[in-house]
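# Chains, contacts and geometry: an overview
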Amino acid sequence: MKKEKTEELIVKWIDGQLTSEEEVQLAGLFQENENLEAELQEMKSVSESVTEKIPASVDPPYCDFFGSQLMRKVDLEIQSRTPSKIGERLVKSFQWAWAPVGALALVLSFFAGHRISRPAEVTAAQEQEEGRLIQFLPTVYFAGESLEAEVISDSDGDVSAIFVHGLAAIRDDIDFATITTGAELPKSYARSEARRFD
Amino acid sequence: MAPAGTSPDAGAGDDEISDHQLIEACQKRDAKAFETLVIRHRGRVYAMVQNMIKNEADAWDLSQEVFLKVWKALPKFEARAKFSTWLYRITHNVVYDWLRKRKIESAGELDDGILNESDIAAGARTTPTKIARPDDALANSELGRRINSALATLNTEHRETILLREVQGLDYKEIAKVMGCSLGTVMSRLYYARKKLQTLLCDEKGKD
């Protein structure tokens, strides 16, 4: 018989969980080794003593304090997961503002342009290359001093991202769809200065 | 002290709220229900931790940690699982993490530090009521003391297997789930742990 099977039979015998088939198998082992049964009886009595002498349940010392301390930690955990009601109310009360702000940002990003800044040192070759590339970039107009925009394009000018910083009102009396040059815009709309292409 | 051998899941009588109902309430973040659940199970968790690490103060802290983890994980607890097995599994993880941190597992050193009662002024208004000490039940029992010291010499896995089987009364499958091992491993650990305990206790008897 395999060692593992023998161990299993012994463990189950101590716990009184042998099936009838396993009982027959163990009886065979008892016949082979006449000391085995006495040995297992001793092992069984040790197991029973452990069950009898070691308590399964022992209240922690200062169990009242144990409970209160734990519940304090639970309360802290609950609080850490719940946003403060005031903060929640504030966020809710300003929710209406996000729609017009978002729409305004979209409109401004459409009409606003890019600002290209120049690095400290630019070589002549780079300047020449930039001059060639800049002509593919759109001219961008700023609605007032408070607005800034920048365009980041790939080297072919096929893909562009426009970042708009700040907010400014758009005048209702200007029809942006029909304007083709900066000259047609009011003076407060400054034309972007093309300086460098990244 | 709760009587040994009763199932933690059977903690509720007919007129009491069952564990299942308490767990459902806890999953809706009912702290009061959780407090009841803690009162019902803290004894078993503390006894298990204390018997594993043999240090009252750390056992107290670790038991707190177990229940805090239980609270955090309860929303994910599935009703078809057995709560006590799940609770012992969390206890197992907390104890093993602690042992790993302390790096005492391989060395087999066990800190026998005891909470110093003399540090607390007798009759102080803030002194909490003390109900029981884990070793009280063993203090007046010579055999209990010997068993306790024999258990302390077993390696962590063997000690835990014995405690889960003989003391907490889990069946083989539950032990395998708690310890994250196969049924065969449980059988083997039980066999060798029992054999070692038998040898240790017989040796001591011989010395006496």
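Remember, it's a predicted structure, so these values are computed and weren't measured experimentally.

Right, let's talk about the overall build of chain B for a bit. The number of helices and strands found in chain B is nine helices and zero strands. Its helices and strands taken in sequence order, chain B reads α-α-α-α-α-α-α-α-α from the N to the C terminus. The buried share among the 208 residues of chain B stands at 37%. Contacts spanning at least 24 positions in sequence make up 66% of the contacts within chain B whose residues lie at least 6 apart.

All names here are of chain B. Counted at 1.5 Å a residue, the expected span for helix H2 (residues 31-53) with its 23 residues is 33 Å, but the 29 Å between its end C-alpha atoms falls short. Roughly 50° is the biggest bend found in H2, and it falls at histidine 41. Trailing H2 by a residue or two, lysine 54 shows a phi angle of about 55°, which is positive.

The interface of chain A with chain B comprises 36 residues on the first partner and 54 residues on the second. Elements represented by at least two residues in the side of chain A that touches chain B include exactly helix H1 (3-15), helix H3 (36-53) and helix H4 (63-81) of chain A. Top contributing element to the side of chain A that touches chain B by residue count: H4(A), with 13 residues. Split into classes, the residues belonging to the side of chain A that touches chain B amount to 20 nonpolar, six polar and ten charged.

Let's shift gears to the confidence of the model for chain B. Residue and element names in this part refer to chain B. Per-residue pLDDT for chain B has a mean of 81; in total, 72% of the residues score no lower than 70. Per-residue pLDDT stays below 50 along residues 1-7; that stretch engages in 16 contacts with residues further than four places along the chain or on separate chains. Our summary of model confidence lists the complex with pTM equal to 0.62 and ipTM equal to 0.76.

With that settled, consider the packing of H3(A) against helix H6 (residues 142-153) of chain B. Taken N-terminus to C-terminus, the directions of H3(A) and H6(B) make an angle of 105°; their axes are 10 Å apart at the nearest point. Between H3(A) and H6(B), the interaxial angle falls into the category roughly perpendicular. Contacts from Ser49(A), Val50(A) and Lys53(A) in H3(A) reach Leu143(B), Gly144(B) and Ile147(B) in H6(B).

Turning next to the nonpolar core. Here is a general trend for soluble globular proteins: nonpolar side chains tend to be buried in one another's company. The biggest cluster of nonpolar side chains holds 62 residues, and the ones touching the most others in it are Met48(B), Val49(B), Leu62(B), Val95(B), Ile162(B) and Ile175(B). Ignoring sequence-local partners within four residues, the contact set of Leu62(B) consists of Val49(B), Val94(B), Val95(B) and Trp98(B).

Analysis parameters
- Within each chain, residue numbers correspond to sequence positions counted from 1 in written order.
- Labels are handed out in written order, letters beginning with A for the chains and numbers beginning with 1 for the ligands.
- Confidence filtering applies because this is a predicted model: local features only for residues at pLDDT of at least 70, side-chain atom pairs given and counted only at 80 or more, and all residues used for totals across whole chains, interfaces and linings.
- Strands here mean DSSP runs of E at least two residues long; helices mean DSSP runs of H or I at least four residues long; both are numbered from the N terminus.
- A residue is called partly exposed when the number of other C-beta atoms within 10 Å of its own lies between 12 and 20, exposed at 12 or fewer, and buried at 20 or more, with C-beta atoms placed from the backbone.
- Each residue is represented by a C-beta atom placed from its backbone, and any two residues with such atoms within 7 Å are regarded as in contact.
- Under the convention used throughout, the expected extent of a helix is 1.5 Å for every residue step, that is, one less than its residue count.
- One fitted axis covers the seven residues ending at a residue, a second covers the seven starting there, and the bend at that residue is the angle between these axes.
- Residues were grouped as follows: Ala, Val, Leu, Ile, Met, Phe, Trp, Tyr, Cys and Pro as nonpolar; Asp, Glu, Lys and Arg as charged; and all remaining residues, including Gly, as polar.
- pLDDT is defined as a per-residue confidence score from the predictor, taking values between 0 and 100.
- Each axis is a line fitted through C-alpha atoms, and for a helix only the stretch in contact is used; angles between axes span 0 to 180 degrees, taken between their N-to-C directions.
- Throughout, the term roughly parallel applies to angles under 35 degrees, roughly antiparallel to angles over 145, roughly perpendicular to angles from 65 to 115, and oblique to all others.
- Residues of type Ala, Val, Leu, Ile, Met, Phe, Trp, Tyr and Cys that are buried and joined through C-beta atoms within 7 Å form what is called a nonpolar core.

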